[in-house]
Amino acid sequence: MVKIIIGSDHAGFNLKEKLKKYFDKKKIRYEDVGTYSLERVDYPYYAKKVARKIIKNRNTRGILICGTGTGMVIAANKIKGVRAVVAYDLYSAKMSRMDNDANILALRGRYFSYKKTQQIVNMWINSKFTGKSIHRKRIKSIE
């Protein structure tokens, strides 16, 4: 199983801490790159930190958490080679891996069910890229 590089801003901190406990329980390897408190911080810093780490090590994927997931995904997608997505349901999480080979999942840290988040994370982690030529072609055209 791949290692997860996880990062958040202050709005995603509490969810990040819950997910780390869940990862420990499920024996999912991860590295936490911050933030490490509820002190207000700027999300682009953590998006870039996670993105750069996953680009350097192909056997990793990233999870980013901010208030909505949107800011993180915008910032992460500025890094060459990143295919970051926000997923609010199981279908988008699954298809982002199967068709788009998404390497970063951005999550909503506010006003969203933890149970649903956990299901989305599981689906995303356990879904595999199909490798179909049509999808490879599309990914290559993005790069």
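Keep in mind the model is a prediction, meaning the values are calculated, not measured.

J.: Would you mind going over the layout of surface pockets in detail, with residue names and values included?
T.: Size it by volume and the largest pocket reaches roughly 380 Å³. Surrounding the largest pocket, 19 residues form its lining, Arg58, Thr60, Arg61, Asp101 and Asn103 being those nearest its centre. Its residues placed into classes, the lining of the largest pocket shows six nonpolar, five polar and eight charged.

J.: Tell me about the side chain of Ser8, residues and numbers included.
T.: Within the secondary structure layout, Ser8 lies in strand 1 (residues 3–8). Taking the relative accessible area as the measure of exposure, Ser8 reaches 0% and is therefore buried. Ser8 has contacts with Phe13, Lys16, Gly34, Thr35, Tyr46, Ile65 and Met72, leaving out every residue within four places of it along the chain.

J.: If you had to explain the pairing of strand 3 (residues 60–66) to someone new, which residues and values would you point to?
T.: With respect to burial, strand 3 is a largely interior element, seven of its seven residues being buried. In the sheet, strand 1 pairs with strand 3 via six bridges, with the strands oriented parallel. For Lys3, the partnering residue across the bridge sits in strand 3 and is Thr60.

J.: So, the pattern of salt bridges: which residues are in play, and what are the values?
T.: Per the counting criterion, the structure on display carries nine salt bridges. A salt bridge links Glu31 to Lys3; its shortest N-O distance comes to 3.5 Å. Separated by 28 residues along the polypeptide, Glu31 in strand 2 (residues 30–32) and Lys3 in strand 1 bring together distant segments of the chain. With relative accessibility at 25%, the residue Glu31 sits in the partly exposed group. For Lys3, a relative accessible area of 24% gives the class partly exposed. Between Lys20 and Glu17 there is a salt bridge, with its nearest N and O atoms 3.2 Å apart. A residue pair is termed a helical-turn pair when its members lie 3 or 4 positions apart in one helix, as Lys20 and Glu17 do in helix 1 (residues 13–26) at three residues. Assessed through its relative accessible area of 16%, Lys20 is described here as buried. Each of Lys16, Glu17, Lys20 and Asp32 takes part in one network of salt bridges that share partners.

Thresholds, definitions, all that
Residues numbered from 1 in each chain as written. Predicted model: local features only at pLDDT ≥ 70, side-chain atom pairs only at ≥ 80, totals over all residues. Heavy atoms only, no water. 1 Å grid on protein atoms, 1.4 Å probe; cavity = no way out; pocket = protein on both sides within 12 Å on 5 of 7 lines; lining within 4 Å. Points joined across faces, edges and corners; volume = space filled by probe spheres on them. Nonpolar A, V, L, I, M, F, W, Y, C, P; charged D, E, K, R; others polar. Helix = DSSP H or I, 4+ residues; strand = E, 2+ residues; numbered from the N terminus. Buried < 20%, exposed > 50% of the residue type's maximum accessible area, 1.4 Å probe, protein only. Contact = heavy atoms within 4.5 Å. Pairing = 2+ DSSP bridges. Salt bridge = Lys/Arg side-chain N within 4 Å of Asp/Glu carboxyl O.

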